[in-house]
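Notes for the structure review
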Amino acid sequence: MPIRVGLIVNPIAGMGGSVGLKGTDGPAVVRRARELGAMPRAAGRAAAALDEVAQADIEFELLTCAGAMGEDSALACDLHPSIVYRAASSDTSGDDTRGAAQAMIAEGVGLIVFAGGDGTARDVFEAVHDSVPVVAIPAGVKIHSAVFAVNPRAAGDLVVGVLRGRISRTREAEVMDVDEAAYRDGRLSTRLYGYLRVPDDARLVQAGKVRSRSEDSAADDLALAVVDTMEPETIYIVGPGTTTRRIARHLGLDSTLLGVDVVRDGQMLALDVGERQLLDLLEQNRRARIIVTPIGGQGYLFGRGNQQISGRVVRAAGIENVVVVATPAKLASLGGRPLLVDTDDEELNRTLAGFATVTTGKGRRSVYPVEFPRGTS
Amino acid sequence: MIARHGEKVALKERFHQAAWQEKLVMELGRPGRRGVLVPDAGDDIRARAGDVLAGTPESLRRRELPNLPEMSQPEVVRHYTRLSQMVLANNVAVNLGLGTTTMKYNPLVNEFLSRSPKLAELHPDQDDSTVQGILELIYRFGGMLAEISGMDRFTFQPAGGSQGILANALMMRAYHASRGEADQRDEVITTIFSHPANAAAPATIGFKVVTLYPGPDGIPELEALKAAVGPRTAGLMMTNPEDTGIFNPRVAEYVRVVHEAGGLCAYDQANANGILGVTRARDAGFDMCQFNLHKTFSVPHGCMGGAVGATGVREALVPFLPAPTVEFDGSRYYLDADRPASVGAIRSGLGNVQSVLKAYAWVVSLGAEGLREAAHMAVLNNNYLVGRVTAIPGASLSFGKDNPTRRLEQARYSWEGLTADTGVHTMDVHNRMIDYGVQGYFSSHHPWLVPEPFTLEPAESYSQEDLDEFAAVLERVAEEAHSNPELVKTAPHNSTAGASVPGAEAHPAMTWRAFLDVQGQGAE
């Protein structure tokens, strides 16, 4: 039986960008975007990705939503999909994205392809969690999430890889979103919402001459290396991330998926703590370390998805006690771009900029450039 | 036909490799078939020879016949001739794409020298007095490499670049141990664009490894190194130029910073083909280095004779060299195994001496000026090719925007633009090139810091026509990526080999027995 692939297009994604709005979350903003003359671009981006798949001439069954939410893009590529979801109105919303994803899961899809931005990724995540892998076509204004392919063609290529059986592994990728209301007011506040499973294209990291270890075992090696160096009577403030989560797992502890947890002497001291609690804990404990890993697709160490670890928290723990961890593949995936720090403390950002010593595995460290995005705080 | 610069090069449009659909040799033949019928010795000879197995201990005698295919001689000759037609080797195709490996012409005359019974029939355990010739050659060649690098003594025992790097790491450790600092100094610093053996070899003997990542110009900033050095620093192990082909102009400062911290500095000269006679390891302050004779010094790689990581050190480190060393007392050459501070043998015997002979012959044939000329020609070839390749839409030179300085003997490029425009990846391009009768290229060591990478190294022995042909093939495949991406993605079409099966590398089978095991498991 041919594999079933679901396609969801968020038709309003990306409309804000061309008219200077930051995202299109909420009907009022969409209306404003339309008034400003914004053109839908998600459908075209989706078609560009689908075209890759159509060209490859592989047997598969395409399930999608009526009209602009997928059908139009499919027909533009001479693909003939089954319609499994119809939006009640042409003013689609997050409810439609979620509804469509649920309908597709009920139909037993093996892969969901969606076109949109961070908001769309959140909606898909809420419906899908880790039940089905996804391929995300970047079409929104906000692309902080690591789930997105670098461009529509690369997304199509991933789908072909999965359908041909060339890519059989998946990895977790962060779903991040900015608080758009705060963003439009000039404040940047991102949250980590969860993880979607995306196809893990080994070709992008593997070289012909060297057989790469799987990213999984590299991350385990790294987590064990961190656990090995843990000292007694020291609190470990563990930031969110797929890499850092393994540290708790190797300690046999349950951790929160998205929050900041605190470990001491092999025990979980506090789960999902905020800035206030962290400052209290730092007052009560003489020795502390902060363990962070780059978050999202852009390499933020601080300021995206882990704002609980504020400038005050870092200063209270001591800048020298910040432990940065990342697998070599994760560093390589930055494509030479620096790591970024964007805490609420500009002076601290300046201090952290320069070079970070990143633990990459047992007995292995890297010295990697760090910058702070000027003028965003 | 000679293509002048700018003229269109005629590609091998109708190239097709021999596809013999040849089975594995173990699947050929029939029971009872044989090559040579050995005549019966006869009673007289048997009586005079006595029991020929008497000298062979019982434990070494074979109890069962070996599991070999039973074939006639014509079948065997046919089989191996066919296999030889199914490869794109150095002697068949332009092979300048394997960057970092310095695939240059291996003079055939040196093969005749090394196959001479005078060398081929020597035994590593022969008495020194009976091998004076080869010992003299090794001794003299050590002196030549000392002159080329500025080091004081060389060993040819390591059978490859990574063994040479391992020897240097062992000597680094022994040096610190001799000063009572072995426990304190347990970190080796390297760079991400150095050959990965500079991280792997020291890690193998227990060093922790600190890797420096580059800044926008492709080279780690001095500040990055300063952030890495400290009282734990045992030393620095790095390549220069790195795999990007960029020569690190701050290298002498690197060495100074590491020396000030009490560390040693080892120079991996795997990429030395552009600097012979131009700059020396010693002049940048290095304490130790290694050359890959199978790259820079014209010795063939692997299957035609074995690699050599010629490893050299400054006077102060000579006591730590692998043993035995070749010494000269003014009248005779001899092996010195009585070296208490030595890190021991890296390999049995004196290593791949036939390769040392070939490298010696190459250097003697060129002379000092010839070596420098070879280096200049390699750099010229490379920069000519950089111009041709970067003119292809979709191809770019890594770090080219922030660092336009000339590359030395090799360059790492990226197809990032082509992939974004067409969805065609670097390995797709590689697979399609073969269809035009040129050898494919090397992408990059792991991890891929440069997206969609490829690394070319046109050594001095390639002609301008070779370079033009290679560039024209890349240009053609890039055009095809736009006009017919599926053609490129499903390549090769005119080659013996198909695209490799994904996941097959997880179950390599280098022997028939391993192959049967893998078949039994069912490769994923």
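Residues numbered from 1 in each chain as written. Chains lettered and ligands numbered in written order. Predicted model: local features only at pLDDT ≥ 70, side-chain atom pairs only at ≥ 80, totals over all residues.

**Some words on the sheet that holds strand S12 (residues 453-456) of chain B**
Whether parallel or antiparallel, the strands of a sheet pair through hydrogen bonds between backbone atoms. Residues and elements named next belong to chain B. We apply this condition: When DSSP locates at least two bridges between a pair of strands, those strands are taken to pair. A run of H or I in DSSP becomes a helix once it reaches four residues, and a run of E becomes a strand once it reaches two; helices and strands are each numbered from the N terminus.
With respect to topology, three strands assemble into an open sheet ordered S10-S11-S12, the strand pairing being antiparallel. Since the sheet does not close on itself, it has two edges, and those belong to strand S10 (396-397) and S12, each with one partner. In this sheet, strand S11 (residues 411-414) lies alongside S10 in antiparallel orientation, the contact comprising two bridges. Within the sheet, the bridge partner assigned to Ser 396 lies in S11 and is Ser 414.

**Some words on the sheet that holds strand S2 (residues 61-65) of chain A**
Residues and elements named next belong to chain A. Heads up, the condition is: Whenever a helix is involved, its axis is fitted only over the stretch in contact; in every case the axis is a line through C-alpha atoms, and angles between N-to-C directions fall within 0 to 180 degrees. Each residue is represented by a C-beta atom placed from its backbone, and any two residues with such atoms within 7 Å are regarded as in contact.
Pairing is parallel across the open sheet formed by five strands, whose spatial order is S3-S2-S1-S4-S5. Looking along the sheet, the strands with just one partner apiece sit at the ends: strand S3 (82-85) and strand S5 (134-138). Averaged over all pairs of adjacent strands, the angle between strand axes in this sheet comes to 25 degrees, irrespective of strand direction. Relative to strand S4 (residues 111-116), strand S1 (residues 4-9) is paired through five bridges, and the arrangement is parallel. Looking at the pairing, Val 5 lines up with Leu 111 of S4. Each of S1, S4 and S5 is contacted by helix H6 (residues 118-128), which is oriented at about 155 degrees to S4, the strand it contacts most. Along the sheet, helix H7 (residues 152-164) makes contact with S1, S4 and S5, crossing S5 at roughly 165 degrees.

**A short note on the interface of chain A and chain B**
Note the following rule: As a working rule, the residues Ala, Val, Leu, Ile, Met, Phe, Trp, Tyr, Cys and Pro are called nonpolar, Asp, Glu, Lys and Arg charged, and the rest polar, with Gly in that last group.
The partner chain B presents 30 residues to the 33 residues of chain A that form the contact. Of all the secondary structure elements, the ones that give two or more residues to the side of chain A that touches chain B are helix H3 (42-56), H7, helix H13 (328-332), strand S15 (354-361) and strand S16 (364-371) of chain A. A per-element tally of the side of chain A that touches chain B places S16 of chain A first, with six residues. For the side of chain A that touches chain B, the class distribution of residues is 12 nonpolar, 12 polar and nine charged.

**Overview of the domain arrangement of chain B**
Just so we agree on the cut-off: Note that the domain bounds were set by an automatic or database domain assignment.
The assigned domain composition of chain B is domain 1 (24-51 + 67-85) and domain 2 (132-363). A C-alpha centroid distance of 46 Å is found between domain 1 of chain B and domain 2 of chain B.

**Describing unusual backbone geometry**
Outside of glycine, negative phi angles account for most residues, and trans bonds account for most peptide bonds. Residues and elements named next belong to chain B. Between Asn 240 and the following residue, Pro 241, the backbone shows a cis peptide bond with an omega angle of -5 degrees. Relative to the elements of secondary structure, Pro 241 occurs in the loop between strand S4 (233-239) and helix H9 (251-260). A cis geometry characterises the amide bond from Ala 323 onward to Pro 324, with omega recorded as 0 degrees. Structurally, Pro 324 is set in the loop between strand S7 (309-313) and strand S8 (325-328). Positive phi values are uncommon outside glycine, yet Ser 298 reaches one of about 70 degrees.

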